[in-house]
Amino acid sequence: LAKTTQPISMDSYEGQEVNITCSHNNIATNDYITWYQQFPSQGPRFIIQGYKTKVTNEVASLFIPADRKSSTLSLPRVSLSDTAVYYCLVGGPNTGFQKLVFGTGTRLLVSP
Amino acid sequence: SAVISQKPSRDICQRGTSLTIQCQVDSQVTMMFWYRQQPGQSLTLIATANQGSEATYESGFVIDKFPISRPNLTFSTLTVSNMSPEDSSIYLCSGMVPPGELFFGEGSRLTVL
């Protein structure tokens, strides 16, 4: 199983760019990398998913180096509403996407 | 995408009783999972709900304590049996759409007295 490691917490201010890095040293060839956001009293919500290089959507970018042993979620110009816990998960079709295990997550606090 | 509905959203139960949580998905998902989350903690995978067959349980979770059913592609139930205060937690249902995106319900907050 590809285990993930993230910083426990991060602090930022409104308007800044936030980069959260996740290590997944034993990622398998066919594994995807997916990031989720969770607010209190809610289930996690999908943010972005990628396999290699860079993926961008309307809320975030995901950078994946060539060796794919880590990934970085980039949140441009964060606001107070981005205060949440962010999880990265690794999984792929070889494992039937089973055992999508959540790590500790990164608790992001955005201050005014 | 998928919308997942869970009920009950919360409940307070007495020790020794059982509670069944229902999970309904609005579209067909390839896989369904049940997670548990203690306040302030990460999610712990309980089991994978398999359609028409026994669920696949993670280490530390057993069928007698957490029986799971999935009679069709869009519905699953999790029962927390013979509850104790240690079972107080948030239970989350999740469905997966390829190539691996998980959708979650809002969770069922269980308090056992």
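Structure shown above.
Reading the values: the criteria
Residues numbered from 1 in each chain as written. Chains lettered and ligands numbered in written order. Predicted model: local features only at pLDDT ≥ 70, side-chain atom pairs only at ≥ 80, totals over all residues. Heavy atoms only, no water. Pairing = 2+ DSSP bridges. Helix = DSSP H or I, 4+ residues; strand = E, 2+ residues; numbered from the N terminus. Axes fitted to C-alpha atoms, helices over the stretch in contact; angles between N-to-C directions. Disulfide = S-S within 2.5 Å. Buried < 20%, exposed > 50% of the residue type's maximum accessible area, 1.4 Å probe, protein only. 1 Å grid on protein atoms, 1.4 Å probe; cavity = no way out; pocket = protein on both sides within 12 Å on 5 of 7 lines; lining within 4 Å. Points joined across faces, edges and corners; volume = space filled by probe spheres on them. Nonpolar A, V, L, I, M, F, W, Y, C, P; charged D, E, K, R; others polar. Core = buried A, V, L, I, M, F, W, Y, C linked by side-chain atoms within 4.5 Å. Contact = heavy atoms within 4.5 Å. Buried area = accessible area lost by both parts, 1.4 Å probe. Salt bridge = Lys/Arg side-chain N within 4 Å of Asp/Glu carboxyl O. Polar contact = N/O pair within 3.5 Å; in protein donor to acceptor, adjacent residues only side chain to side chain.

## Some thoughts on the sheet that holds strand 9 (residues 106-111) of chain A
Residue and element names in this part refer to chain A.
- Taken together, 5 strands build an open sheet; the order of strands is 1-9-8-3-4 and the sheet is mixed. Edge strands, defined here as strands with exactly one partner in the open sheet, are strand 1 (9-13) and strand 4 (45-50). Ignoring strand direction, the axes of neighbouring strands in this sheet form an average angle of 25°.

## Things to note about the state of the cysteines
- One pass over the structure, following the stated rule, counts 2 disulfides over all chains.
- The disulfide partner of A:Cys22 is A:Cys88, and the gap between their sulfur atoms is 1.7 Å. Taken together, the residues A:Cys22 in strand 2 (residues 18-23) and A:Cys88 in strand 8 (residues 84-91) connect sequence positions 66 residues apart. As far as the burial class goes, A:Cys22 and A:Cys88 line up, both buried.
- B:Cys23 shares a disulfide with B:Cys93; S-S distance 1.9 Å. An S-S torsion of about -70° defines the bridge between B:Cys23 and B:Cys93 as left-handed. Here B:Cys93 lies in strand 9 (residues 89-97) and B:Cys23 lies in strand 3 (residues 19-25), a separation of 70 residues in the sequence.

## Thoughts on empty space enclosed by the protein
- Taken as a whole, this structure holds 1 cavity of 30 Å³ or more when the rule is applied.
- Within this model, the largest cavity holds a volume of roughly 40 Å³.
- Around the largest cavity, the lining comprises 10 residues; the ones closest to its centre are A:Thr34, A:Val90, A:Gly91, A:Leu100 and B:Gly100.
- For the lining of the largest cavity, the secondary structure elements donating two or more residues are strand 3 (32-38) and strand 8 of chain A.

## Topic: the layout of surface pockets
- Here the largest pocket defines a volume of roughly 420 Å³.
- Mapped onto the lining of the largest pocket, the elements with two or more residues apiece are strand 8 and strand 9 of chain A together with strand 9 and strand 11 (108-112) of chain B.
- Sorting elements by how many residues they give to the lining of the largest pocket places strand 8 of chain A first, with 3 residues.
- Its residues assigned to classes, the lining of the largest pocket shows 9 nonpolar, 11 polar and 4 charged.

## Regarding the nonpolar core
- With 27 residues, the main nonpolar core has B:Trp34, B:Ile46, B:Phe66, B:Ile68, B:Leu78, B:Tyr91 and B:Leu110 as its most contacted residues.
- Tallying contributions element by element places strand 3 of chain B first for this core, with 4 residues.
- Membership of the second largest hydrophobic core comes to 20 residues, among which are A:Ile27, A:Ala60, A:Cys88 and A:Val90.

## Digging into the interface of chain A and chain B
- With 21 residues of chain A in contact, the opposing surface of chain B contributes 20 residues.
- Both sides together, the interface formed by chain A and chain B hides about 1600 Å², and carbon and sulfur atoms give 54% of it.
- In this assembly, chain A and chain B are joined by 0 salt bridges.
- Along the contact surface separating chain A from chain B lie 3 residue pairs in polar contact (both at pLDDT 80 or more).
- Looking at the side of chain A that touches chain B, the elements with two or more residues in it are strand 3, strand 4 and strand 8 of chain A.

Everything listed here is a matter of geometry and, on its own, says nothing about what the molecule does.
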